[in-house]
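# Reading the structure
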Amino acid sequence: MKLFRNIGAIVGVREGAGEALRGSDMNLLPVMEDAWMTVDGETIHAYGPMSSCPAEADEVVDVNGGWIFPSFCDSHTHIVFAGSREREFVDKINGLSYAEIAARGGGILNSADRLHNYSEDQLFDEAVPRLCAIIASGTGAVEIKSGYGLTLEDEIKILRVIARIKREFPLEVRSTFLGAHAVGRAYEGRQDDYVEHVCRDMLPAVAAEGLADYVDVFCEQGFFTVGQTEKIFNEAARYGIAPRLHANQLHCSGGVQVGVANGAASVDHLENIGQTEIDLLATSPTIATVLPGASFFLNMCHAPAPALIKAGAAVAIASDYNPGTSPSGDMRFMSSLGCIQLRMTPEQALNASTLNGAAAMGLASRYGSITSGKVASFFITRPLPSAAYLLYSYTEPLIERIYLRGREV
């Protein structure tokens, strides 16, 4: 048994927390001050006020007034990619839109062209420093998508790299097949044929190797229609692969409706939604995942997180870590953007990036809060004046120690 004593405060202490927080419940962030906590192997065992601290343990860690937070749970990333796209960064500064860059051969297809020439080992080696960086910034559970292959061979390549990451890294990983991220170059002008290729060839191969926990589609004007999205979801269901969705980033695309209708774990982006979509998400178990890093980087409108929360929806924050539109996986920064740009409160933002992020990956029973019996993945900061300070002072180096599955990393 490992004992952590003299904790200034434990943030996110919740007994029986196994599902997403919705609506006004997102305003509540329990904090236990002047506390201790014990960890048994990979699991949180118990906690309480220092007045009841156990007298001894196999190992004692004196936190010296530092604060403990549950690890961030990042439910939307594209961490496995080839190279970078800073040229497009300059294009954006010079006034080109996301759609104009894609029309010039940039964007997703640019990444797919590069990835085609990479081996699995090269992709893994490039992903390693990104993974180390997100761990160092407090992430303990992450979803990683394919989608930069757009051929059968290259999509499988990415998913095999994600499987290797699952085996070799201590953070929890969920994998998502995103063959319908864009239409592969070989199918230019034949979108329906490409969708058929995803359904007939890609999904069976992905399922045969057990490479995907989820399937995703970029349901957006100029990418994939509602009907094509539903076809892919129906085919994935035959293999027991659950849906999640890129929805309503650029237009009011009908993505929210098709996601909810098909029981998607989450619909992500949501920069362009109206009251109809807000009301639908408020009455659905589907989690509304906002990606403030992408809106910030693209200088676009932000998802209406406060309206979603007020209506009663479960809102999560994720990083959308990718080379073109959100080249950062720092979830503390994303949570700060949730406050600064989306006008969420610190309590809402921290709940959205921990417990609700875990729920969006089907992990709320094991991650996202400090709860007896959950996985002991957390980070320790310097002494803080409040939980809000973690997001207020978003570039100050506050995180001092990281624990994943009960072990310091």
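First, a word on scope: everything that follows refers to the structure included in this document. (Residues numbered from 1 in each chain as written. Predicted model: local features only at pLDDT ≥ 70, side-chain atom pairs only at ≥ 80, totals over all residues. Heavy atoms only, no water.)

## Observations regarding the overall build of the protein chain
Within the protein chain one finds 15 helices and 17 strands. Computed over C-alpha atoms, the radius of gyration of the protein chain comes to 21 Å, within 12% of the 22 Å expected from 2.2 N^0.38 for 409 residues, which places it in the range of a compact globule. With respect to the three principal axes, the spread of C-alpha positions in the protein chain is 70 × 45 × 45 Å. A total of 409 residues make up the protein chain; the buried ones form 59% of that total. In the protein chain, the proportion of contacts linking residues at least 24 apart, taken out of those at least 6 apart, comes to 74%. When the accessible surface of the protein chain is summed, it comes to about 15300 Å², and 50% of that surface belongs to carbon and sulfur atoms. Taking the average place of the 32 positive charges on the side chains of the protein chain and the average place of its 48 negative ones, the gap between the two points comes to 1 Å. (Helix = DSSP H or I, 4+ residues; strand = E, 2+ residues; numbered from the N terminus. Rg over C-alpha atoms; globule rule 2.2 N^0.38 Å. Buried < 20%, exposed > 50% of the residue type's maximum accessible area, 1.4 Å probe, protein only. Contact = heavy atoms within 4.5 Å. Areas by Shrake-Rupley, 256 points an atom, 1.4 Å probe, with all protein chains shown as cover. Lys, Arg positive; Asp, Glu negative; His and termini not counted. Charge placed at Lys NZ, Arg CZ, Asp CG, Glu CD.)

## Remarks on the packing of aromatic side chains
The final tally for this structure, using the stated rule, is 15 aromatic pairs. Taking the centre distance of 5.1 Å and the plane angle of 90° together, the rings of Phe-4 and Tyr-403 count as edge-to-face. Note that Phe-4 is positioned in strand β1 (residues 2-11) and Tyr-403 in strand β16 (residues 399-404), a separation of 399 residues in sequence. Taken individually, Phe-4 and Tyr-403 each receive the classification buried, so the pair is uniform in this respect. Both rings, one in Phe-378 and one in Tyr-403, keep their centres 5.1 Å apart while their planes meet at 15°; by these two values the pair is stacked. (Phe/Tyr/Trp six-rings, centres within 6.5 Å; stacked < 30°, edge-to-face > 60°.)

## Observations concerning the pattern of salt bridges
Oppositely charged side chains may form a pair once their charged atoms are brought near each other. This model, assessed by the stated rule, comprises 25 salt bridges. Notably, a salt bridge pairs Glu-196 with Arg-200, separated by 3.9 Å at the nearest N-O pair. Pair noted here: Glu-196 and Arg-200 are both in helix α6 (residues 191-208), with a separation of four residues, about one helical turn. Judged by relative accessible area, which is 29%, Glu-196 ranks as partly exposed. The exposure class assigned to Arg-200 is partly exposed, which follows from its relative accessible area of 46%. (Salt bridge = Lys/Arg side-chain N within 4 Å of Asp/Glu carboxyl O.)

## Thoughts on unusual backbone geometry
Even without a glycine there, the phi angle at Asn-64 is positive, about 55°. Turning to its location among the elements, Asn-64 is positioned in the loop between β4 (59-62) and β5 (67-70). The phi dihedral of Arg-343 is positive, around 65°, even though this residue is not glycine. Following the sequence through the fold, Arg-343 ends up in the loop between α12 (331-340) and α13 (346-353).

## Things to note about the packing of helix α5 (residues 152-168) against α6
Packing of α5 against α6 leaves a shortest axis separation of 10 Å and a crossing angle of 35°. Seen from above, α5 lies across α6 with right-handed handedness. On the side of α5, the interface is formed by Leu-152, Glu-155, Ile-156 and Leu-159, while α6 contributes His-197, Asp-201, Met-202, Ala-205 and Val-206. (Axes fitted to C-alpha atoms, helices over the stretch in contact; angles between N-to-C directions. Left-handed = near helix turned anticlockwise from the far one by under 90°.)

## Observations regarding the packing of α6 against helix α7 (residues 226-238)
Where α6 contacts α7, the axes come no closer than 10 Å and their chain directions differ by 10°. Taken as axis vectors, α6 and α7 run roughly parallel relative to one another. The residues of α7 that touch α6, namely those facing Gln-191, Asp-192, Val-195, Glu-196, Val-198, Cys-199 and Leu-203, are Gln-228, Lys-231, Ile-232, Glu-235 and Ala-236. (Parallel < 35°, antiparallel > 145°, perpendicular 65-115°, else oblique.)

## A closer look at a nonpolar patch on the surface
Together, Phe-89, Val-90 and Ile-93 make up an exposed nonpolar region whose accessible area comes to about 280 Å². Here Phe-89 is to be found in helix α1 (residues 86-93). (Patch = residues over 30% accessible without salt bridge, like charges linked within 9 Å, V, L, I, M, F, W, Y side chains within 5 Å.)

## Digging into the state of the cysteines
Applying the stated criterion across every chain yields a total of zero disulfides. As a non-bridged cysteine, Cys-252 has Cys-219 as the owner of its nearest cysteine sulfur, 11 Å distant. Free of any disulfide, Cys-301 has its nearest cysteine sulfur in Cys-252, 11 Å distant. The exposure class of Cys-301 is partly exposed, given its relative accessible area of 38%. (Disulfide = S-S within 2.5 Å.)

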